[in-house]
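Close look at the chain arrangement
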Amino acid sequence: MSMSEPSGSRTISVEVNGTTYEREVEARRLLVHFIRDDLDLTGTHIGCDTGNCGACTVQLDGQAVKSCMMLAVQAHGAHIRTVEDLASDGELTALQRAFSTHHALQCGYCTPGMLMSATALLEQNPNPSEHEVRAALQGNICRCTGYWNIIEAVQAAAQEVSAS
């Protein structure tokens, strides 16, 4: 009787930014690599590969998650939203506009993760306090801005949305 190794790949089905994809992936493939390399959605950045920086943050079933800390096979059946899905028909969201207006980005490397974490926050809490914004973004590292402008941008976006 011959013992063979179990298959190193699995077929998964995920909805990403409203499109359903069915792909065979290696069981050990990280979600961030699936998104960037297999689906060619390169807005999700790879920073630390250890879950510390937040550059790879996406929304999975409405929750902000670090895609470098998750296997692609764990996302089977999930709805994923990446930074590419924020703007609609070329129109930036209030949050994206606020990031620009409030100079909440410099090099831009952390920006996709910051936007996805802040979007998840604003969807769950449309009028967050400064403390709530800080808590929601604590898993995202920015080495350029000092965070103050990012916090201001998130609060300005919340005000803009609530005023409209």
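Here goes a summary of the coordinates provided. From a predicted model like this one, the values you see are computed outputs, not experimental measurements. (Residues numbered from 1 in each chain as written. Predicted model: local features only at pLDDT ≥ 70, side-chain atom pairs only at ≥ 80, totals over all residues. Heavy atoms only, no water.)

**Digging into the overall build of the protein chain**
For the record, the criterion: Where helices and strands are cited, they refer to DSSP runs of H or I of at least four residues and of E of at least two residues respectively, numbered from the N terminus. For each residue, the accessible area found with a 1.4 Å probe, counting protein chains only, is set against the maximum for its type, and the residue is called buried under 20%, exposed over 50%, and partly exposed in between. The contact definition used throughout considers only heavy atoms, calling two residues in contact when any of these lie within 4.5 Å. Every accessible area reported is derived by Shrake-Rupley at a probe size of 1.4 Å, with residue values counting cover from the shown protein chains alone. Here Asp and Glu are counted as negative and Lys and Arg as positive; His is not counted, and neither are the chain ends. The atom standing in for a charge is NZ when the residue is Lys, CZ when it is Arg, CG when it is Asp and CD when it is Glu.
If you tally the helices and strands in the protein chain, you get five helices and five strands. Secondary structure elements in the protein chain, listed N-terminal to C-terminal, are β-β-α-β-β-β-α-α-α-α. The burial tally for the protein chain puts 41% of its 164 residues in the buried class. Considering only intrachain contacts with a sequence separation of at least 6, the fraction spanning at least 24 residues in the protein chain is 56%. Surface exposure of the protein chain reaches about 8,900 Å², of which carbon and sulfur atoms provide 48%. One way to put it: in the protein chain the 10 positive side-chain charges average out to a point 6 Å from where the 19 negative ones average out.

**A look at the packing of helix H2 (residues 94–101) against helix H5 (residues 148–163)**
Applicable threshold: Interaxial angle, 0 to 180 degrees, is taken between N-to-C directions of lines fitted to C-alpha atoms, where a helix line uses only the stretch in contact. Orientation categories follow fixed angle ranges, with anything under 35 degrees roughly parallel, anything over 145 roughly antiparallel, 65 to 115 roughly perpendicular, and all other angles oblique. Note on convention: the crossing is left-handed when the near helix lies turned anticlockwise from the far helix by less than a right angle, right-handed when the turn is clockwise. In this classification, the charged set is Asp, Glu, Lys and Arg, the nonpolar set is Ala, Val, Leu, Ile, Met, Phe, Trp, Tyr, Cys and Pro, and all remaining amino acids, among them Gly, are polar.
In the contact formed by H2 and H5, the axes pass within 8 Å of each other and the chain directions differ by 135°. Classified by the angle their axes make, H2 and H5 are oblique. Relative to H5, the crossing made by H2 is right-handed. The residues of H5 that touch H2, namely those facing Ala-94, Leu-95, Arg-97, Ala-98 and Phe-99, are Ile-150, Ala-153, Val-154, Ala-156, Ala-157, Glu-160 and Val-161. Residue composition of the contact of H2 with H5, grouped by class: ten nonpolar, no polar and two charged.

**What about the sheet that holds strand E5 (residues 79–81)?**
Here is the rule we go by: Here, a strand pair is defined by DSSP locating no fewer than two bridges between the strands.
The sheet built from five strands is open, its strands ordered E2-E1-E5-E3-E4 with mixed pairing. The sheet is open, and its two edges are formed by strand E2 (19–26) and strand E4 (63–66), each paired on a single side. Neighbour-to-neighbour, the strand axes of the sheet open up by a mean angle of 40°, direction not taken into account. Sheet analysis places strand E3 (residues 57–60) next to E4, joined by four bridges and oriented antiparallel. Bridge pairing in E4 places Thr-57 opposite Lys-66. Strands strand E1 (9–16), E2, E3 and E5 of the sheet are contacted by helix H1 (residues 31–38), whose axis makes an angle of about 115° with E2. Packing against the sheet, helix H3 (residues 111–124) makes contact with E3, E4 and E5, and its axis sits at approximately 35° to E3.

**A closer look at the pairing of E3**
Consecutive side chains of a regular strand alternate in pointing toward one face of the sheet and then the other. Side chains of E3 alternate between two faces, with Thr-57 and Gln-59 and Val-58 and Leu-60 buried alike. Connecting the antiparallel pair E3 and E4 is a turn made up of two residues, with Asp-61 showing a positive phi of about 50°. Examined bridge by bridge, E3 and E5 share two bridges and lie antiparallel to one another. Bridge pairing in E5 links Leu-60 to Ile-80.

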